[in-house]
Amino acid sequence: MKTSKEIRLDNLFLAIARKGSIDTLAKNAETSPSYISQLKNGVIEQKTGKTKGVGDDVARKIERALGEPTGWMDADHSRDASPGTARARPILTYASLDELPMESTVLIPSARPTLSAGSGEKPSSAAEEIPLPFQTDGLRQLKSEPKHLLAVKVTDRSMEPLLFSGDTVVIDRSETRVPVAGGVFAVAYGDEMLVKRLFKLPDGLRVQSDNPSEGLTFELPGDRADAVQVIGRVKYRSGAGDF
């Protein structure tokens, strides 16, 4: 569960992204750009030894600058950019793929390596596993072309309560553009494969764990953002995750 301080910080990043820059947000919110930068960068207060938090006065100013109602800064909007729970459902009860009606079934390739939701897992060979069957009508809810989809397993806990270890996610490999409002993506970073929430920043990329106690959150400047290779956007989850 996120603290109110963490929720406000997440919303500060959304506000910066929506306004396009720290300077624009500060101007519209009648606040110092340097102060917004300190909040964004987690500057430590000398008196408390803790990172600065978004105070009530600044929170209300940001809400007015965005045209949002009072209290918007205190609500968790992370799920606004989460994979939908669309009516799409995999076919779970069958003895053999051969018994499924192929005219109304789409087989989504399922492959290793698994995706770590924590600090990362080194990729192994992408060995094909048993495909994940979906009914054609249900799959349309994902608004994705079947040829672009891939099903993989998630490990670790850093994306809870959105994704749990053992969940299966369906990735659309044609969707690699990170929106300003953010989204959940499978990525390769160095020699690790991860599933993280990504935000496009005016000057780079934010890679975020929904459960900060179990995973990393970091930012990359624009000239290093390509160090994160976006594999595809998570469009569906089968498992225990909270949607």
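Quick notes on the rules
Residues numbered from 1 in each chain as written. Predicted model: local features only at pLDDT ≥ 70, side-chain atom pairs only at ≥ 80, totals over all residues. Heavy atoms only, no water. Axes fitted to C-alpha atoms, helices over the stretch in contact; angles between N-to-C directions. Helix = DSSP H or I, 4+ residues; strand = E, 2+ residues; numbered from the N terminus. Parallel < 35°, antiparallel > 145°, perpendicular 65-115°, else oblique. Left-handed = near helix turned anticlockwise from the far one by under 90°. Contact = heavy atoms within 4.5 Å. Phe/Tyr/Trp six-rings, centres within 6.5 Å; stacked < 30°, edge-to-face > 60°. Lys NZ or Arg CZ within 6 Å of the ring centre and 35° of its normal. 1 Å grid on protein atoms, 1.4 Å probe; cavity = no way out; pocket = protein on both sides within 12 Å on 5 of 7 lines; lining within 4 Å. Points joined across faces, edges and corners; volume = space filled by probe spheres on them. Nonpolar A, V, L, I, M, F, W, Y, C, P; charged D, E, K, R; others polar. Buried < 20%, exposed > 50% of the residue type's maximum accessible area, 1.4 Å probe, protein only. Pairing = 2+ DSSP bridges. pLDDT = per-residue confidence, 0-100. Arc of directions from axis to C-beta.

## Details of the packing of helix α1 (residues 4-19) against helix α3 (residues 33-41)
Item 1. At a closest axis distance of 10 Å, the pairing of α1 and α3 adopts a crossing angle of 130 degrees. In terms of orientation, α1 lies oblique with respect to α3. Here α1 runs over α3; the crossing is left-handed. Taking contact as the criterion, the partners of L9, L12, F13 and I16 in α1 are, on α3, I36, L39 and K40.

## Some thoughts on the packing of aromatic side chains
Item 1. Enumeration according to the criterion identifies one aromatic pair in this entry.
Item 2. Note that R206 overlies the ring of F13, its terminal NZ or CZ placed 3.7 Å from the centroid.

## Notes on the layout of surface pockets
Item 1. In this structure, the largest pocket spans a volume of roughly 420 Å³.
Item 2. Forming the boundary of the largest pocket are 22 residues, of which E6, L9, D10, F13 and R206 lie nearest the centre.
Item 3. Residue assignment for the lining of the largest pocket shows that the elements contributing at least two residues are α1, α3, β8 (204-208) and β9 (218-221).
Item 4. Looking at which element gives the most residues to the lining of the largest pocket, the answer is α1, with five residues.
Item 5. When grouped by side-chain class, the residues that make up the lining of the largest pocket number six nonpolar, seven polar and nine charged.

## Let's talk about the pairing of strand β4 (residues 149-155)
Item 1. Across the seven residues that make up β4, a large majority, six, are buried.
Item 2. One ladder, built from five bridges, connects β4 with strand β5 (residues 168-172); its direction is antiparallel. By the bridge assignment, L150 is partnered in β5 with I171.

## Let's talk about the confidence of the model for the protein chain
Item 1. Taken as a whole, the protein chain shows an average pLDDT of 79; of its residues, 80% reach a score of 70 or greater.
Item 2. No element of the protein chain has a lower mean pLDDT than strand β2 (residues 115-116), which averages 61, and none a higher one than helix α4 (residues 56-66), which averages 92.
Item 3. Every residue in residues 123-127 scores below 50 in pLDDT, and together they form 13 contacts with partners more than four places removed in sequence or on other chains.

## Looking at α4
Item 1. Those residues of α4 lying buried are V58, A59, I62, E63, A65 and L66. The arc that holds every buried residue of α4, seen down its axis, measures 160 degrees, which confines them to one face. Structural note: α4 exposes D56, D57 and R64 on the side pointing more than 90 degrees away from its buried face.
Item 2. As for α4, its buried residues are in contact with α1, α2 (22-28) and α3.
Item 3. Directly after α4, the chain includes G67, whose backbone phi takes a positive value near 75 degrees.

## Re the environment of L39
Item 1. Topologically, L39 is positioned in helix α3.
Item 2. Taking the C-alpha atoms as reference points, L39 and G53, separated by 14 residues in sequence, lie 6.4 Å from one another.
Item 3. In this structure L39 touches L9, L12, K52, G53 and V54, once residues within four positions along its chain are discounted.

## Description of unusual backbone geometry
Item 1. The backbone phi angle of E30 is positive, close to 50 degrees, even though this residue is not glycine.
Item 2. Here E30 is to be found in the loop between α2 and α3.
Item 3. The residue D156 is not glycine, and still its phi comes out positive at about 70 degrees.
Item 4. D156 gets classed as partly exposed once you look at its relative accessible area, which sits at 34%.

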